[in-house]
Amino acid sequence: KSTSGRMTVRWAPVWQDDDDAEECSRCRADFFLFRRRHHCRVCGLIFCDDCSPHTSVPPGFVAPHKCTVRVCLECARSHVDHNWADHTIGMAR
């Protein structure tokens, strides 16, 4: 269990290293100045904005004020499929 600012995380995925991601993990689009990398806070992989448009409060995250984090499409689907209790899903800004 670690504390970082306003959010306590009971688990943390192993994040894919930025240097290892030349393309989106889902659609394989190349990253460049106008297509930025985004880590999914659930699985830790790197996606483009189109493939990680959702935000959620995944299980294991304890955050005040229902703070949400970016999640990829697959993890967002898992959210719906597994009915994460008392957690919401929305769109990233």
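Values in this document were obtained by computation on a predicted structure and should not be read as measured data.

Thoughts on the overall build of the protein
Next up, step 1: Of the regular secondary structure elements, the protein holds one helix and eight strands.
Next up, step 2: If you list the helices and strands of the protein from N to C, you get β-β-β-β-β-β-β-α-β.
Next up, step 3: Buried positions account for 39% of the 93 residues belonging to the protein.
Next up, step 4: About 6300 Å² of surface is accessible on the protein, with carbon and sulfur atoms providing 49% of the total.

Section: the nonpolar core
Next up, step 1: With 13 residues, the main nonpolar core has Cys24, Phe31, Cys40, Phe47, Val71 and Cys75 as its most contacted residues.
Next up, step 2: Secondary-structure elements contributing two or more residues to this core are strand 4 (46-47) and helix 1 (73-81).

With respect to the confidence of the model for the protein
Next up, step 1: Within the protein, residue pLDDT values average 76, and 62% of them lie at 70 or more.
Next up, step 2: Ranking the elements of the protein by mean pLDDT puts strand 1 (residues 2-4) last, at 45, and strand 4 first, at 96.

Notes on the environment of Arg37
Next up, step 1: Relative to the helices and strands, Arg37 resides in the loop between strand 2 (7-9) and strand 3 (38-39).
Next up, step 2: For Arg37, a relative accessible area of 36% puts it in the partly exposed group.
Next up, step 3: Distance in space between the C-alpha atoms of Arg37 and Glu23 is 8.5 Å, their sequence separation being 14 residues.
Next up, step 4: Once residues lying within four places of it in the same chain are set aside, the contact partners of Arg37 are Asp18, Ala21, Glu22, Phe31, Ile46 and Phe47.

With respect to a nonpolar patch on the surface
Next up, step 1: Taken together, the side chains of Phe32, Leu33 and Phe34 present a nonpolar region at the surface, about 420 Å² in accessible area.
Next up, step 2: Along the chain, Leu33 turns up in the loop between strand 2 and strand 3.

Things to note about the side chain of Arg70
Next up, step 1: Inspection of the secondary structure assignment puts Arg70 in strand 7 (residues 69-71).
Next up, step 2: A polar atom in the side chain of Arg70 sits 3.5 Å from the side chain of His38.
Next up, step 3: One polar contact links the side chain of Arg70 to the main-chain carbonyl oxygen of Ser52, over a distance of 2.6 Å.

Here is what the cut-offs are and how they apply
- Residues numbered from 1 in each chain as written.
- Predicted model: local features only at pLDDT ≥ 70, side-chain atom pairs only at ≥ 80, totals over all residues.
- Heavy atoms only, no water.
- Helix = DSSP H or I, 4+ residues; strand = E, 2+ residues; numbered from the N terminus.
- Buried < 20%, exposed > 50% of the residue type's maximum accessible area, 1.4 Å probe, protein only.
- Areas by Shrake-Rupley, 256 points an atom, 1.4 Å probe, with all protein chains shown as cover.
- Core = buried A, V, L, I, M, F, W, Y, C linked by side-chain atoms within 4.5 Å.
- pLDDT = per-residue confidence, 0-100.
- Contact = heavy atoms within 4.5 Å.
- Patch = residues over 30% accessible without salt bridge, like charges linked within 9 Å, V, L, I, M, F, W, Y side chains within 5 Å.
- Salt bridge = Lys/Arg side-chain N within 4 Å of Asp/Glu carboxyl O.
- Polar contact = N/O pair within 3.5 Å; in protein donor to acceptor, adjacent residues only side chain to side chain.

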